[in-house]
Amino acid sequence: MSLNGKTAVVTGAALGIGRAITELLLQQGAKVALLDVNKTASESLMEVLHKQYGRERTLFLNCDVESEEQIKAAFQKAAETFGGIDIVCNNAGVLNEDTWEKTVSVNLMGVIRGSYTALEHMSKLSGGRGGVIINTASLAGLGPLPSCPVYTATKHAVVGFTRAMAAASTASGYGVRFNTLCPGFVRTDLFSSIISNSGRFSHLTDATQQLVEHFGIVDLADVAAAVLEMVTDETKNGEAFLVSAKRKEYVRFASFV
Ligand SMILES: NC(=O)C1=CN([C@@H]2O[C@H](COP(=O)(O)OP(=O)(O)OC[C@H]3O[C@@H](n4cnc5c(N)ncnc54)[C@H](O)[C@@H]3O)[C@@H](O)[C@H]2O)C=CC1
Ligand SMILES: CC/C=C\CC(=O)/C=C/C=C\C=C\C=C\[C@@H](O)[C@@H](O)C/C=C\CCC(=O)O
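Residues numbered from 1 in each chain as written. Chains lettered and ligands numbered in written order. Predicted model: local features only at pLDDT ≥ 70, side-chain atom pairs only at ≥ 80, totals over all residues. Heavy atoms only, no water.

- The protein has the name 15-hydroxyprostaglandin dehydrogenase [NAD(+)] in an unreviewed UniProt entry, where Cyclopterus lumpus is given as its organism.
- Under Sequence similarities (unreviewed entry), UniProt gives the following word-for-word description of the protein: "Belongs to the short-chain dehydrogenases/reductases (SDR) family." (UniProt positions renumbered as here; feature names shortened; annotations may be inferred.)

See below:
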């Protein structure tokens, strides 16, 4: 699937993985609505993107994925500005075991809010033209991180939700593919906050450091490339793409039926 003329919505687009996804989608010809709460970082990135891609193919919308109202307004504005939505990356996420309710609200509920709002615009049953939704989980969505059990839970939930939505979409005829991104450790602001944000489990951050040494640090470019593959390969639906420094593969899940 070529991205020329396609419209993407990326949450958490201002920094880290979201920025890398945004820049790759723009390089491939897409128009991108950047949704984020960090206005300073977003405005700084928009200046860079305007110089590189002009002003017509990007739109920054201040949007907190904890707010249903803000998500709906942002998606509506993106659809009106670019004439529909083809690709959604529900990427915004935080890691904080102290403020764990917020972690659940952003990482899991924000992905659910974003997925359901996206379907309102993309589903062929509601006048949309179909497309693909990529939800950012983590390697911590495939195995536990002892120093951040709530974060781990949100990422496991994103994997399960996304796989179930892929099956529901096929059964319902939405015409929308759902896939999940499971990166290993990536050097971003979130990664840098591991020790300060582990809360009551801060005594376990050494174990996480051992996992960092085991899995290595994956490049942002490799993470964004995995997203592009799941977006452009129209055979991919219900997939979880594991991307670490040493492994890049679609996860094979046990079947119990
Ligand atoms: N950095 C890593 O090692 C890994 C990160 N991930 C996931 O990747 C995603 C992106 O994380 P990073 O790029 O590492 O983090 P980051 O902290 O560099 O960027 C996160 C972006 O999301 C935005 N954001 C945070 N809360 C928001 C909210 N309520 N509404 C809208 N935007 C919000 C931030 O302003 C920021 O621009 C997250 O879902 C994270 O859990 C997954 C695996 C590994
Ligand atoms: C502390 C969180 C830091 C950054 C955010 C993030 O999401 C990073 C996650 C990176 C790696 C997580 C690894 C978890 C590993 C353990 O659960 C192991 O039990 C094995 C996990 C998965 C199987 C993949 C494999 O066997 O290689």
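## Description of the packing of aromatic side chains
Next up, step 1: Per the counting criterion, the structure on display carries 3 aromatic pairs.
Next up, step 2: With a centroid separation of 5.9 Å and an interplanar angle of 70 degrees, the aromatic rings of F185 and F191 are classed as edge-to-face.
Next up, step 3: For the pair F241 and Y250, a centre-to-centre distance of 4.4 Å together with 40 degrees between the ring planes defines the contact as tilted.
Next up, step 4: For R163, the ring lying beneath its charged end belongs to F253, and the centroid distance is 3.7 Å.
Next up, step 5: Above the face of the Y250 ring, K236 is positioned so that its terminal group lies 4.4 Å from the ring centre. (Phe/Tyr/Trp six-rings, centres within 6.5 Å; stacked < 30°, edge-to-face > 60°. Lys NZ or Arg CZ within 6 Å of the ring centre and 35° of its normal.)

## Here's the deal with the site of ligand 1
Next up, step 1: In the neighbourhood of ligand 1, 28 residues make up the surrounding shell, with I17, D36, Y151, V186 and T188 lying closest.
Next up, step 2: The contact in question runs from an oxygen atom of ligand 1 to an N or O atom on the backbone of N91, over 2.9 Å.
Next up, step 3: Here an oxygen atom of ligand 1 and a side-chain polar atom of Y151 are 2.7 Å apart.
Next up, step 4: In isolation ligand 1 exposes 830 Å². Once the protein is present, 93% of that is buried.
Next up, step 5: Secondary structure elements with two or more residues in the shell around ligand 1: α1 (16-27), α5 (149-172) and α6 (189-192).
Next up, step 6: For the shell around ligand 1, the class distribution of residues is 15 nonpolar, 9 polar and 4 charged. (Near = heavy atom within 4 Å. Polar contact = N/O pair within 3.5 Å; in protein donor to acceptor, adjacent residues only side chain to side chain. Areas by Shrake-Rupley, 256 points an atom, 1.4 Å probe, with all protein chains shown as cover. Helix = DSSP H or I, 4+ residues; strand = E, 2+ residues; numbered from the N terminus. Nonpolar A, V, L, I, M, F, W, Y, C, P; charged D, E, K, R; others polar.)

## Overview of the site of ligand 2
Next up, step 1: The full set close to ligand 2 counts 16 residues, and S138, G143, P144, Y151 and R247 are the nearest of them.
Next up, step 2: P144 places a polar main-chain atom, nitrogen or oxygen, 2.7 Å from an oxygen atom of ligand 2.
Next up, step 3: Within the side chain of Y151, a nitrogen or oxygen atom sits 2.6 Å from an oxygen atom of ligand 2.
Next up, step 4: Residues of the shell around ligand 2, tallied by class, amount to 11 nonpolar, 4 polar and 1 charged.

## Points about the sheet that holds strand β6 (residues 176-183)
Next up, step 1: With mixed pairing, 8 strands are arranged side by side in an open sheet as β3-β2-β1-β4-β5-β6-β7-β8. Lying at the two open borders of the sheet, with one neighbouring strand each, are β3 (58-62) and β8 (248-250). Strand-to-strand twist in this sheet, taken as the mean axis angle between neighbours without regard to direction, amounts to 15 degrees.
Next up, step 2: Pairing analysis gives 5 bridges linking strand β1 (residues 7-11) to strand β2 (residues 31-36), with the strands arranged parallel. Each bridged residue has a counterpart across the sheet, and for T11 the counterpart in β2 is L35.
Next up, step 3: On top of the sheet, helix α3 (residues 68-82) reaches β1, β2, β3 and β4 (87-90); it is set at about 160 degrees to β3, its chief contact. (Pairing = 2+ DSSP bridges. Axes fitted to C-alpha atoms, helices over the stretch in contact; angles between N-to-C directions. Contact = heavy atoms within 4.5 Å.)

## A look at the pairing of β1
Next up, step 1: Among the 5 residues of β1, 5 are classified as buried, and the element is accordingly described as predominantly covered.
Next up, step 2: Of the two faces of β1, the one carrying T7, V9 and T11 and the one carrying A8 and V10 are both buried.
Next up, step 3: Taken together, β1, α1 and β2 constitute a β-α-β crossover, and its handedness is right-handed.
Next up, step 4: Examined bridge by bridge, β1 and β4 share 3 bridges and lie parallel to one another. For A8, the partnering residue across the bridge sits in β4 and is I87. (Buried < 20%, exposed > 50% of the residue type's maximum accessible area, 1.4 Å probe, protein only. Right-handed = clockwise from strand over helix to strand, strands pointing away.)

## Thoughts on the pattern of salt bridges
Next up, step 1: Summed over all chains, the structure comprises 7 salt bridges.
Next up, step 2: Linking E120 and K72 is a salt bridge whose minimum nitrogen-to-oxygen distance equals 2.8 Å. One end of the pair, E120, is in helix α4 (residues 100-122); the other, K72, is in helix α3, with 48 residues separating them in the sequence.
Next up, step 3: Accessibility expressed as a relative area gives 31% for K72, which makes it partly exposed.
Next up, step 4: The structure contains a network of salt bridges with shared partners spanning E68, K72 and E120. (Salt bridge = Lys/Arg side-chain N within 4 Å of Asp/Glu carboxyl O.)

## So, the nonpolar core
Next up, step 1: With 36 residues, the main nonpolar core has V9, L35, F75 and V88 as its most contacted residues.
Next up, step 2: Elements that contribute at least two residues to this core include exactly β2, β3, α3, α4, α5, β6 and β7 (240-243).
Next up, step 3: Among residues more than four places away in sequence, those in contact with V88 are V9, F75, A118, M122, V132, I133 and I134.
Next up, step 4: Membership of the second largest hydrophobic core comes to 35 residues, among which are A8, L181, V186 and A224. (Core = buried A, V, L, I, M, F, W, Y, C linked by side-chain atoms within 4.5 Å.)

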